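Below are the chains, spelled out letter by letter.
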Amino acid sequence: MILDLFRLDGKVAVVTGARKGLGLGIAAGLAEAGADVVGVGPIPMPETEEAVTSAGRRFLYVEADLATQRDIPDIAAETTASLGSLDILVNNAGIIRRDDILEFSEEDWDDVMNVNLKSLFFLSREAARQMARQGRGGKIINIASMLSFQGGVRVPSYTASKSAVAGLTKLLANDLAKYGIQVNAIAPGYMATDNTEPLRKDPLREEEILSRIPLGRWGTPDDLKGAAVFLSSRASDYVTGSIFPVDGGWLSR
Ligand code: NAP
């Protein structure tokens, strides 16, 4: 039956930045579809643990700061040691720095590129190694952005990182196909999380953004559950290298 293809029973999903915002919504969605979830981040995440365990799934917290690559080997090792396999990776952790272009600092460049791009690549490599060892394929989902397609303003390192995430998603899809691993990205539109709080607090920017969204509202973490489950499941086995907008129609304007 077609709906059975969307089930994630018996799968183990690693979600970075799962404590709040979009990562929390994705972790909850994957657990509701049947996956055990590993939440990765610098501080514990009781709300995520509650969402996963109340769906009847196992939860593991792995402490890791993705500003560096130091903790990356431990993420895969602790996942397989505790939960037995690593089948799905969602590279969700991300940061943004806003400043006028003439003032934009090297620190704001490096910090964003390290979390959003460099760690995403090396954690994907680590997860792919484990998936290849397991020999039954896997799924990698990167969280891209509208700024994987558009330039944006005042966020040069964010735009550079998210544009690169789109390119890297396609490269990883090509290179990992022979291991049965599909790699796709979700490109969220404007979502109501801490990442966009300064925009929502600025009445002018809030009005500019809202009036451009055909569906007429900011997105929520729950809005990503459907795409995340689809791209994690057998229902998407012939989908790889795609950048999947969940944007209320933003890119169609
Ligand atoms: P958020 O609420 O600020 O959550 C970001 C998450 O990333 C947090 O859980 C945070 O950990 C984690 N993180 C940040 N730095 C980290 C580090 N050094 N190591 C490990 N984890 C780290 O923002 P969000 O909106 O949910 O963003 C999630 C993803 O969606 C990001 O990649 C973002 O770029 C992308 N995105 C967001 C929007 C939007 O409109 N909100 C649109 C497009 C794309 P802590 O829990 O410790 O803070």
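See the structure shown above.
Notes on the structure in this doc start here. (Residues numbered from 1 in each chain as written. Predicted model: local features only at pLDDT ≥ 70, side-chain atom pairs only at ≥ 80, totals over all residues. Heavy atoms only, no water.)

## Topic: the packing of helix H1 (residues 21-32) against helix H8 (residues 225-232)
Packed helices, taken two at a time, are described by the angle between their axes plus the distance between the axes.
Right, on to step 1. Close contact between H1 and H8 brings their axes to 9 Å; oriented N to C, the two are set at 55°. In terms of orientation, H1 and H8 fall into the oblique class. Here H1 and H8 pass one another in a crossing that is right-handed. On H8, the residues touching Gly25, Ile26, Ala28, Gly29, Leu30 and Glu32 of H1 are Lys225, Ala228, Val229 and Ser232.
Right, on to step 2. The residue makeup of the contact of H1 with H8, split by class, is five nonpolar, three polar and two charged. (Axes fitted to C-alpha atoms, helices over the stretch in contact; angles between N-to-C directions. Helix = DSSP H or I, 4+ residues; strand = E, 2+ residues; numbered from the N terminus. Parallel < 35°, antiparallel > 145°, perpendicular 65-115°, else oblique. Left-handed = near helix turned anticlockwise from the far one by under 90°. Contact = heavy atoms within 4.5 Å. Nonpolar A, V, L, I, M, F, W, Y, C, P; charged D, E, K, R; others polar.)

## Quick notes on helix H3 (residues 72-83)
Right, on to step 1. Taking 1.5 Å per residue, 12 residues should reach 16 Å; H3 reaches 17 Å between its end C-alpha atoms and fits that length.
Right, on to step 2. Those residues of H3 lying buried are Ile72, Ile75, Ala76, Thr79 and Leu83. Buried residues in H3, looked at end-on, bunch into an arc of 90°, giving them a common side.
Right, on to step 3. Of the surrounding secondary structure, the elements contacted by the buried residues of H3 are strand E1 (12-16), strand E2 (36-41), strand E3 (59-63) and helix H4 (106-134).
Right, on to step 4. The positive-phi residue at the C-terminal boundary of H3 is glycine 84, with phi of around 95°. (Expected span 1.5 Å × (residues − 1). Buried < 20%, exposed > 50% of the residue type's maximum accessible area, 1.4 Å probe, protein only. Arc of directions from axis to C-beta.)

## A closer look at the site of the ligand
Right, on to step 1. In the neighbourhood of the ligand, 29 residues make up the surrounding shell, with Arg19, Leu66, Asn92, Tyr158 and Thr193 lying closest.
Right, on to step 2. One of the backbone nitrogen or oxygen atoms of alanine 67 is found 3.3 Å away from a nitrogen atom of the ligand.
Right, on to step 3. Protein chains bury 91% of the 890 Å² of accessible surface belonging to the ligand in isolation.
Right, on to step 4. One can see that the ligand is located within the largest pocket.
Right, on to step 5. Secondary structure elements with two or more residues in the shell around the ligand: H1 and helix H5 (156-176).
Right, on to step 6. The residue inventory of the shell around the ligand, partitioned by class, reads 15 nonpolar, nine polar and five charged. (Near = heavy atom within 4 Å. Polar contact = N/O pair within 3.5 Å; in protein donor to acceptor, adjacent residues only side chain to side chain. Areas by Shrake-Rupley, 256 points an atom, 1.4 Å probe, with all protein chains shown as cover. 1 Å grid on protein atoms, 1.4 Å probe; cavity = no way out; pocket = protein on both sides within 12 Å on 5 of 7 lines; lining within 4 Å. Sits in = over half its atoms within 2 Å of the grid points.)

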